[in-house]
Amino acid sequence: MRSAGRPHDDPAGDVVRWAAFSCLLVPVVLVVYGTSFGGAAVATLGLLAVTAVCRVLLRHSEENRRAAARGPAEGHLPPAHRGRHSRAGGGMHRGCRGSRLLSPHD
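A short tour of the structure in this document, coming up. The numbering scheme is per chain: residues are counted from 1 as the chain's sequence reads. Totals for whole chains, interfaces and linings use all residues, but because this is a predicted model, local features are given only for residues with pLDDT of at least 70 and pairs of side-chain atoms are given and counted only at 80 or more. Only heavy atoms go into the side-chain values, all of them from the structure, while hydrogens and water stay out.

1. Some thoughts on the packing of aromatic side chains
Right, on to step 1. Ring pairs shown here join Phe, Tyr and Trp side chains whose ring centres sit within 6.5 Å, with only the six-membered ring taken for Trp; geometry is labelled stacked below 30 degrees between planes, edge-to-face above 60, and tilted in between. Applying the stated criterion to the full structure yields one aromatic pair.
Right, on to step 2. Relative to phenylalanine 21, the ring of tryptophan 18 lies with its centre 5.8 Å away and its plane at 90 degrees, an arrangement referred to as edge-to-face. Note that tryptophan 18 and phenylalanine 21 are positioned in helix α1 (residues 11-32) at a spacing of three residues, about one turn of the helix. Going along the chain from the N terminus, every DSSP run of H or I of four or more residues is numbered as a helix, and every run of E of two or more is numbered as a strand.

Structure (structure tokens):
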């Protein structure tokens, strides 16, 4: 059991534990209410499959969230500072015609 002062550190684990508990409880309830053992077994296998897929998706989502929290990838670094009077963009600078874009008719 969790203590009241302990932070909630694994929400995906809690969901998976409740799902596993349900996978055990549902077949018992089905058998008690008259479903055959075979039907309860099929329901259990279906619940186990859904639980396994959900667990994989939850873990994948947590990994993506942690990666996004770490910051942008190294390939997405901001441009370096170009100096006191430099401009980052292209275009016409002090009459320089070499940097203008050529039209298809030039």
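Read on for the rest.
2. What about helix α2 (residues 37-70)?
Right, on to step 1. For a helix, the expected span equals 1.5 Å multiplied by the residue count minus one. Given a rise of 1.5 Å per residue, 34 residues ought to cover 50 Å, and the 49 Å separating the end C-alpha atoms of α2 matches this to within 8%.
Right, on to step 2. Among all positions of α2, only Ala40, Thr44, Thr51 and Glu62 are buried.
Right, on to step 3. Packed against the buried residues of α2 are α1.
Right, on to step 4. Just beyond α2, the residue with positive phi is glycine 71, at close to 125 degrees. The cut-offs for exposure are 20% and 50% of the maximum accessible area for each residue type, with area from a 1.4 Å probe on protein chains only; residues under the lower value are buried, those over the upper are exposed, and the others partly exposed. The contact definition used throughout considers only heavy atoms, calling two residues in contact when any of these lie within 4.5 Å.

3. Digging into the side chain of threonine 51
Right, on to step 1. Residue position: threonine 51 is located in helix α2.
Right, on to step 2. With residues up to four places along the chain from it excluded, the contact list for threonine 51 reads Ala19 and Cys23.

4. Considerations on the state of the cysteines
Right, on to step 1. Disulfide assignment relies on a single distance test, namely cysteine sulfur atoms paired within 2.5 Å. Tallied over the full model, the rule gives zero disulfides.
Right, on to step 2. Free of any disulfide, cysteine 23 has its nearest neighbouring cysteine sulfur in cysteine 54, separated by 10.0 Å.
Right, on to step 3. Note on cysteine 54: relative accessible area 38%, which makes it partly exposed.

5. Focus on the side chain of glutamate 62
Right, on to step 1. Inspection of the secondary structure puts glutamate 62 in helix α2.
Right, on to step 2. Its relative accessible area of 9% is what places glutamate 62 among the buried residues.
Right, on to step 3. Those residues in contact with glutamate 62, other than ones at most four positions away along the chain, are Asp10, Pro11 and Ala12.

6. Let's talk about the packing of α1 against α2
The axes of two packed helices give the description: the angle between them and the distance between them.
Right, on to step 1. Axis lines are fitted to C-alpha atoms, over the contacting stretch for helices. Their N-to-C directions set the angle, which ranges from 0 to 180 degrees. Following both chains from N to C, one finds α1 and α2 inclined at 175 degrees, their axes separated by 9 Å at the closest point. Overall, the two elements α1 and α2 adopt an arrangement that is roughly antiparallel. Packed against α1, whose contacting residues are Pro11, Ala12, Gly13, Val15, Val16, Ala19, Ser22, Cys23, Val26, Pro27, Leu30 and Val31, the element α2 presents Phe37, Ala40, Ala43, Thr44, Leu47, Leu48, Thr51, Arg55, Leu58, Arg59 and Glu62 at the interface. Working rule for angles: under 35 degrees goes down as roughly parallel, over 145 as roughly antiparallel, 65 to 115 as roughly perpendicular, anything else as oblique.

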